[in-house]
Amino acid sequence: MNANDLTKRVAIITGGTRGIGAAIARRFKDAGYAVAAVYHGNATAADAFSSDTGIPVYKWDVADFDACQDGVASVANDLGGPVEVLVNNAGITRDAMLHKMTSAQWGEVIATDLTSCFNMCRAVIGAMRDHGFGRIVNISSINGQKGQLGQTNYAAAKAGILGFTKALALETASKGITVNAVAPGYIATDMVAAMSEDVLAKIEGQIPVGRLGNADDVARIVQFLVSEEATFITGSTVTANGGQYMA
């Protein structure tokens, strides 16, 4: 298979209508992939994204196993082929110090940020194995590598993604499937923009390159990991944090 053939693949990006996911979806579309962007909560943003890009959007809860099965089947039917490229990008935060964290805050983050990786990978892995090809990229976080105050739930979920990635990479390497993770640092997205100016200034002061990342900094890495040039890379974690944490 040459690089031109690779770009005909059907690709799903979860959390694909805003921030990092939207940047990935745009890059994939420009490269020629048949792209589906999945969202759950913000229909207004999703509609605007689809209108602007022409990328079809699909609404389902990635924390729901059956919804993922049905959603993947719909995408494959609509876009004319099995899903052979998957980017697990969907994520939420429900920050609180552990002694104040509720069971709901813990469970919601684990379900959306970590269990969703199982749900989505389980929905696509059979077809990938059958076709002898697959590219999976799981979006983790700097805070899954180093931890963060008030984020035991988020850090646990994002660290769990790294172990999940390595195990699935071992299981599927002989089947022509690569599975990798990207661990972004602080990226200028809506989630980060919600922080106070004082907190953002403190964070920027900890980043050696002197700035927050942007969504395309991450999207370029993801595009490389699903490309023909990255066939020998699997089970890896690529950090993109401006030198803030060197794992």
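Everything discussed here concerns the structure shown above.
Here the structure is a predicted model, which is why all the values come from computation and not from measurement.

Participant: What is the right way to read empty space enclosed by the protein from this model?
Facilitator: To find the voids left in a structure, one rolls a probe of water-molecule size over its atoms. Tallied over the entire structure, the rule returns one cavity of 30 Å³ or more. Empty space within the largest cavity amounts to approximately 60 Å³. Elements with a contribution of two residues or more to the lining of the largest cavity: helix 5 (103-131) and helix 7 (152-172). In terms of residue count, helix 5 provides more of the lining of the largest cavity than any other element does, four residues in total. Partitioning the lining of the largest cavity into residue classes produces six nonpolar, four polar and two charged.

Participant: Honestly, the packing of aromatic side chains in this entry has me stumped. Any pointers?
Facilitator: Geometry of an aromatic ring pair is reported as the spacing of the ring centres plus the angle between the planes. Throughout the structure, instances matching the rule amount to three aromatic pairs. Where Phe65 meets Phe118, the ring centres are 6.0 Å apart and the plane angle is 25°; that geometry is what we call stacked. Note that Phe65 is positioned in helix 4 (residues 65-79) and Phe118 in helix 5, a separation of 53 residues in sequence.

Participant: Explanation requested: the environment of Asp70 in the structure shown.
Facilitator: Residue position: Asp70 is located in helix 4. A sequence separation of 88 residues divides Asp70 from Lys158, and the C-alpha atoms of the two residues are 25 Å apart.

Participant: In this structure, what is going on with the nonpolar core? I would like to understand it.
Facilitator: With 27 residues, the main nonpolar core has Ile24, Phe28, Val87, Val137, Val182 and Val222 as its most contacted residues. Only strand 1 (10-14), helix 2 (19-31), strand 2 (34-39), strand 4 (83-88), strand 5 (134-139) and helix 10 (215-225) provide two or more residues apiece to this core. Beyond its immediate sequence surroundings of up to four residues, Ile24 is in contact with Ile13, Val87, Ala219 and Val222. The next biggest cluster of nonpolar side chains, apart from the first, holds 25 residues, and it includes Val10, Val38, Val62 and Met120.

Participant: Explanation requested: the pattern of salt bridges in the structure shown.
Facilitator: Side-chain pairs of opposite charge can arise whenever the charged atoms involved come near each other. For the structure on display, the rule yields seven salt bridges. Ionic pairing is found between Asp216 and Arg27, a salt bridge with its closest N-O pair at 2.9 Å. On the criterion of sequence distance, the pair formed by Asp216 in helix 10 and Arg27 in helix 2 is long-range, its members being 189 residues apart. Take Asp216: its relative accessible area is 27%, and that puts it in the partly exposed class. With a relative accessible area of 25%, Arg27 lands in the partly exposed category. Asp217 is the partner of Arg211 in a salt bridge, and the nearest nitrogen-oxygen pair spans 3.1 Å. Classification of Arg211 by relative accessible area gives partly exposed; the value is 41%. Counted as one network, the salt bridges with shared partners bring together Arg27, Arg211, Asp216, Asp217 and Arg220.

Participant: Help me understand the sheet that holds strand 6 (residues 177-184), please; the structure alone is not making it clear to me.
Facilitator: In a beta sheet, neighbouring strands are held together by backbone hydrogen bonds and run either parallel or antiparallel to one another. As summarised here, the arrangement of the seven strands in space is 3-2-1-4-5-6-7, forming an open sheet in which the pairing is parallel. If you trace the sheet from one side to the other, it starts and ends with strand 3 (57-59) and strand 7 (237-240), each paired once. Taken pair by pair, the neighbouring strands of this sheet meet at an average axis angle of 20°, ignoring direction. Judged from the three bridges that link them, strand 2 and strand 3 form a sheet pairing that is parallel. What sits directly across from Tyr39, in strand 3, is Lys59. With respect to the sheet, helix 5 is in contact with strand 1, strand 4, strand 5 and strand 6, its orientation differing from that of strand 4 by roughly 160°.

Participant: Hey, could you run me through the side chain of Asn138 in this one?
Facilitator: When you line up the elements, Asn138 lands in strand 5. Here the side chain of Asn138 touches Asn88 through a polar contact of 2.8 Å, side chain to side chain. A distance of 2.9 Å separates a polar atom in the side chain of Asn138 from a polar atom in the side chain of Thr165. Ignoring sequence-local partners within four residues, the contact set of Asn138 consists of Asn88, Cys117, Cys121, Ile161, Phe164, Thr165, Val179, Asn180, Ala181 and Val182.

The rules behind these values
- Residues numbered from 1 in each chain as written.
- Predicted model: local features only at pLDDT ≥ 70, side-chain atom pairs only at ≥ 80, totals over all residues.
- Heavy atoms only, no water.
- 1 Å grid on protein atoms, 1.4 Å probe; cavity = no way out; pocket = protein on both sides within 12 Å on 5 of 7 lines; lining within 4 Å.
- Points joined across faces, edges and corners; volume = space filled by probe spheres on them.
- Helix = DSSP H or I, 4+ residues; strand = E, 2+ residues; numbered from the N terminus.
- Nonpolar A, V, L, I, M, F, W, Y, C, P; charged D, E, K, R; others polar.
- Phe/Tyr/Trp six-rings, centres within 6.5 Å; stacked < 30°, edge-to-face > 60°.
- Core = buried A, V, L, I, M, F, W, Y, C linked by side-chain atoms within 4.5 Å.
- Buried < 20%, exposed > 50% of the residue type's maximum accessible area, 1.4 Å probe, protein only.
- Contact = heavy atoms within 4.5 Å.
- Salt bridge = Lys/Arg side-chain N within 4 Å of Asp/Glu carboxyl O.
- Pairing = 2+ DSSP bridges.
- Axes fitted to C-alpha atoms, helices over the stretch in contact; angles between N-to-C directions.
- Polar contact = N/O pair within 3.5 Å; in protein donor to acceptor, adjacent residues only side chain to side chain.

Keep in mind these numbers describe shape, not what the thing actually does.
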